[in-house]
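Here is what each chain is made of, one letter per residue.
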Amino acid sequence: MGLLSLGTPLHWNDSKKYADHVRSNGVIQLLNSYKISQGRENDKFYWGDEIEYMMISLDEASRSLKLSIDHDYVLTNLSEDGKNYQAALDNDVLFHPEYGRFMLEATPLNPYDGTSLGDYFKVENNMHRRRFLAIKEIQSENVYPLTLTAFPLMGVDDFCSPSTLPKGCASKSLFLPDEIINKHVRFPTLTANIRRRRGQKVAINIPLYKDKNTRSLDAADPSIPKRELFPYSDNEPHLSAVNPAAKPGHIYMDSMGFGMGSSCLQVTMQAKNLSEARYLFDSLVNIAPLMLAVTAAAPIFRGHLADQDVRWNVISGAVDDRTPFERNEAPLENHPLYGGQTDVEVQKSMLRIPKSRYDSIDQYLGGTEFYKSSYNDLNAPINKKVYDKLLESGLDEELSRHFGHLFIRDPLVLFSERIEQDNETEMDHFENIQSTNWQTLRFKVPSQDSVPNSNKPGWRIELRPMEISLTDFENAAYSVFSVLLSRAYIHYRFNNYLNISLVEDNMKRAHHRDAINREKFYVRTNIEDSGDAYVQELTLDEIFNGSEKRKFKGLIPIVKDFVAVEFGHDANPDDLEKLDMYLELISGRASGATPTTATYFRKLISEHPDYKYDSIVPESAAFDLCLFAKKLSEYNPTTVRQFFGDKIGNWLIAHGYSSIFAKLD
Ligand code: ADP
Ligand code: MG
Ligand code: MG
Ligand code: MG
């Protein structure tokens with residue numbers, strides 16, 4: 001879990017004075033952990049998932065839909081020291097806080113054993129128990145924990161329950177009240193410090209979907225209010241007619257909550273040693289955009305249909321703390337060019353920063369027999385001081401570059417009580433930088449107590465791009481698939497390298513509306529070959545299901561082969577049947593036979609009787625969409641058939657899913 005220290009958080013103006021202190025001590029902490037974990041050679045393949053929920057108030061009698069922001073007790077009761085913590089432990093689950101006050105995160109209590117096939121079928125049941133515990137704990141009528149990637153009415157009028165106006169000084173947002181932010185001081189401080197470092201509010205502009213009655217894309221957006229609440233503040237519209245930060249033809253959003261208030265699915269896997277972790281990381285670099293595309297679930301932002309299907313770049317924009325100078329724009333008057341970076345030599349090594357701290361991976365970790373430095377063909381600036389220190393301490397070029405790149409960022413939240421740390425036993429300064437570099441993959445390092453043969457976590461890779469799906473059946477399917485695929489890569493030792501600039505392109509394509517049917521993605525098709533990459537552009541159908549013409553076996557057939565080789569002899573037939581259903585779902589999504597959640601939602605809105613073909617999602621349609629999501633999450637038979645089609649729908653119904661929560665009671 002990320003860092004949640006308690007204490008007095010520093011305002012950006014104070015915290016930036018310690019930025020170099022945090023970096024230089026963070027590097028020592030990293031090196032200490034690197035040294036102590038040398039010799040960890042045979043760690044078990046453990047893995048675990050993370051699910052994020054939104055508490056949504058859905059009143060069928062009045063047909064009202066709100067984001068529920070007054071249920072802090074759910075997390076209090078289910079977390080450590082809470083009165084129902086034992087219930088969580090008894091169910092093998094853990095609840096964690098997230099950015100939104102309306103959010104819950106839950107994970108298994110202990111990671112799963114990825115070497116035993118049986119454990120791949122505990123996941124879904126564990127997810128069901130998490131959801132069930134959350135439902136029970138909420139205990140207010142009409143409030144449900146839904147796994148929606150983005151709340152469709154986020155920032156639209158009076159969207160919170162209880163009713164709350166946007167006038168908060170942490171975000172200064174025109175749309176989102178600060179009351180939606182988790183009350184732990186870390187979160188409002190993070191929100192405010194990003195804005196302060198940047199020197200302006202964040203500005204997210206997502207292309208608006210153009211329908212037949214959509215307002216002219218050149219016209220100002222009438223749904224952006226005019227306000228003069230923080231007159232000294234940044235890019236507020238003041239009394240001018242047009243908000244200068246809002247791009248024409250786009251859905252404008254101005255607050256961290258639009259991004260960090262969305263939900264996703266993550267999986268973390270432990271490799272047997274550092275070398276295998278590097279191999280796995282590099283193998284997944286180009287899997288990440290594909291998993292984003294195939295899980296697409298977010299076509300609506302701030303009550304508008306977007307001309308894209310996923311959340312990713314909304315979050316990138318929502319936490320983009322780069323100054324205008326770093327973004328290669330005209331600097332602001334009297335605003336430091338480099339935030340808290342004051343070392344002139346280091347400034348020279350960074351120059352401009354092409355991407356937000358929430359973005360796709362910029363470089364491979366290397367250290368494998370297949371790696372060539374030419375594959376790292378993106379401009380990924382590094383903190384030269386950190387890079388030199390790591391190199392001279394014995395890390396190789398690519399590892400030093402990886403961390404040198406993470407360390408171009410400033411720490412965003414610092415607690416005055418935690419400035420001085422014992423670098424032999426603590427990792428907070430390292431984690432401060434590490435855990436606010438939100439990339440498609442995270443290379444998780446062991447802590448300093450992770451001596452060889454201890455049961456402390458070793459080298460882990462976290463896969464972070466996936467959108468959350470509405471049902472635990474789907475979330476389990478994507479988790480199990482990505483972990484088995486990872487194991488297959490380790491087993492067959494495929495070579496998945498291609499120029500990382502092509503992966504960058506894939507990431508952009510993965511955002512596109514209906515990418516399944518309208519896009520192709522770069523893949524290396526000669527994965528069994530140690531030579532140069534043979535790169536072709538394939539559809540997601542060809543990539544997941546395979547293509548003889550392209551001489552690409554396909555990710556799903558690879559997983560099937562691996563399962564047969566690894567577990568074939570002693571697999572339980574019921575387990576294999578479930579795995580088939582998981583793969584059937586992903587195969588159908590990739591081929592377009594089963595619509596993605598995003599496509600399904602788009603259709604629900606476009607066909608809604610109240611929709612006026614103007615790209616604006618009526619409240620009544622958003623209500624119906626969320627009601628659908630709720631029914632689906634409970635596996636209501638009609639809804640299940642509508643959403644998944646007959647084959648998967650009938651299988652779910654025949655296997656008792658519609659009464660799964662009653663059985664847990
Ligand atoms: P974060 O939010 O930092 O990613 P979480 O604690 O929320 O961390 O989730 C981490 C996931 O990693 C959980 O699913 C957990 O079960 C899993 N996990 C914990 N220990 C290990 C381990 N040694 N190897 C692999 N996965 C692990
Ligand atoms: Mg987590
Ligand atoms: Mg989370
Ligand atoms: Mg995580």
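Before going into details, it helps to say that this report is about the structure given with it. Bear in mind the structure is a predicted one, so any value in this text is a computation, not a measurement.

### Some points on the overall build of the protein chain
And step 1. From N to C terminus, the protein chain includes 24 helices and 18 strands.
And step 2. Against the globule reference of 26 Å for 665 residues, the protein chain gives a C-alpha radius of gyration of 24 Å, in line with a compact fold.
And step 3. A principal-axis box enclosing the C-alpha atoms of the protein chain has dimensions of 70 × 65 × 55 Å.
And step 4. For the protein chain, the proportion of its 665 residues judged to be buried stands at 63%.
And step 5. For the protein chain, the computed accessible surface area is about 24,300 Å², with 50% contributed by carbon and sulfur atoms.

### So, the pairing of strand E2 (residues 64-68)
And step 1. Across 4 bridges, the pairing between strand E1 (residues 46-59) and E2 is antiparallel. Bridge pairing in E2 places Ile56 opposite Leu67.
And step 2. Bridge count between E2 and strand E7 (residues 160-161): 2 bridges; the pairing is parallel. Paired with Leu67 across the strands is Cys160, a residue of E7.

### Structural notes on the packing of aromatic side chains
And step 1. Tallied over the full model, the rule gives 36 aromatic pairs.
And step 2. With a centroid separation of 5.3 Å and an interplanar angle of 5 degrees, the aromatic rings of Tyr375 and Tyr497 are classed as stacked. Here Tyr375, found in the loop between strand E13 (358-359) and helix H12 (384-392), pairs with Tyr497, found in the loop between helix H15 (472-492) and helix H16 (500-511); they are 122 residues apart in sequence, far enough to count as distant.
And step 3. Residue class for Tyr375 comes out buried when judged on its relative accessible area of 4%.
And step 4. We classify Tyr497 as buried; its relative accessible area is 3%.
And step 5. Connected via pairs of aromatic rings, a cluster forms that spans Phe121, Phe473, Tyr582, Tyr600, Phe628, Tyr635, Phe643, Phe644, Trp651 and Tyr657.
And step 6. One Lys or Arg, Arg186, reaches over the ring of Phe187 and ends 5.6 Å from the middle of that ring.
And step 7. Against the face of Tyr144 rests Lys630, its NZ or CZ located 4.7 Å from the ring centre.

### Some remarks on the coordination of the magnesium ion (ligand 3)
And step 1. At the metal site, the magnesium ion (ligand 3) is ligated by Glu52 (OE), Glu98 (OE) and Glu105 (OE), and these contacts range over 2.0 to 2.1 Å.
And step 2. For the magnesium ion (ligand 3), the donor residues sit on a single chain with the sequence spacing E-x45-E-x6-E.
And step 3. Between the magnesium ion (ligand 3) and the magnesium ion (ligand 2), a spacing of 4.0 Å is present, and a bridge between the two is formed by Glu105. A single burial state applies to Glu98 and to Glu105, both of which are buried.

### Digging into helix H22 (residues 619-633)
And step 1. Between the first and last C-alpha of H22 there are 21 Å, a value that for 15 residues agrees with the 21 Å anticipated at 1.5 Å per step.
And step 2. With respect to burial, H22 is a largely interior element, 12 of its 15 residues being buried.
And step 3. The set of residues buried in H22 consists of Ser620, Ala621, Ala622, Phe623, Leu625, Cys626, Leu627, Phe628, Ala629, Lys630, Leu632 and Ser633.
And step 4. Just downstream of H22 lies Tyr635, where phi reads positive at about 60 degrees.

### Re the layout of surface pockets
And step 1. There is about 910 Å³ of room inside the second largest pocket.
And step 2. In this structure, the second largest pocket is lined by 33 residues; those nearest its centre are Asn205, Lys247, Asn313, Ser316 and Gly317.
And step 3. Residues belonging to the lining of the second largest pocket are distributed by class as follows: 9 nonpolar, 11 polar and 13 charged.

### Some remarks on unusual backbone geometry
And step 1. Across the junction of Ser161 and Pro162, the peptide omega takes the value -5 degrees, indicating a cis bond.
And step 2. Along the chain, Pro162 turns up in the loop between E7 and helix H6 (186-198).
And step 3. The backbone of Asn328 sits at a positive phi, close to 70 degrees, despite the residue not being glycine.
And step 4. Checked against the element boundaries, Asn328 lands in the loop between helix H10 (312-318) and helix H11 (344-350).

### Some words on the packing of helix H5 (residues 123-138) against H15
Relative orientation and spacing of two packed helices are given, respectively, by the angle between their axes and the distance between those axes.
And step 1. Closest axis-to-axis distance for the H5/H15 pair is 9 Å, and the angle between their directions is 140 degrees. Taken as axis vectors, H5 and H15 run oblique relative to one another. Handedness of the crossing formed by H5 with H15: right-handed. Residues Val123, Glu124, Met127, His128 and Arg131 of H5 form the contact with H15, whose participating residues are Asp472, Phe473, Asn475, Ala476, Ser479 and Val480.
And step 2. Across the contact of H5 with H15, the residue classes break down as 5 nonpolar, 3 polar and 3 charged.

Conventions used here
- Residues numbered from 1 in each chain as written.
- Chains lettered and ligands numbered in written order.
- Predicted model: local features only at pLDDT ≥ 70, side-chain atom pairs only at ≥ 80, totals over all residues.
- Heavy atoms only, no water.
- Helix = DSSP H or I, 4+ residues; strand = E, 2+ residues; numbered from the N terminus.
- Rg over C-alpha atoms; globule rule 2.2 N^0.38 Å.
- Buried < 20%, exposed > 50% of the residue type's maximum accessible area, 1.4 Å probe, protein only.
- Areas by Shrake-Rupley, 256 points an atom, 1.4 Å probe, with all protein chains shown as cover.
- Pairing = 2+ DSSP bridges.
- Phe/Tyr/Trp six-rings, centres within 6.5 Å; stacked < 30°, edge-to-face > 60°.
- Lys NZ or Arg CZ within 6 Å of the ring centre and 35° of its normal.
- Donors = N, O, S within 2.8 Å, 3.2 Å for Na, K, Ca; no water.
- Expected span 1.5 Å × (residues − 1).
- 1 Å grid on protein atoms, 1.4 Å probe; cavity = no way out; pocket = protein on both sides within 12 Å on 5 of 7 lines; lining within 4 Å.
- Points joined across faces, edges and corners; volume = space filled by probe spheres on them.
- Nonpolar A, V, L, I, M, F, W, Y, C, P; charged D, E, K, R; others polar.
- Axes fitted to C-alpha atoms, helices over the stretch in contact; angles between N-to-C directions.
- Parallel < 35°, antiparallel > 145°, perpendicular 65-115°, else oblique.
- Left-handed = near helix turned anticlockwise from the far one by under 90°.
- Contact = heavy atoms within 4.5 Å.

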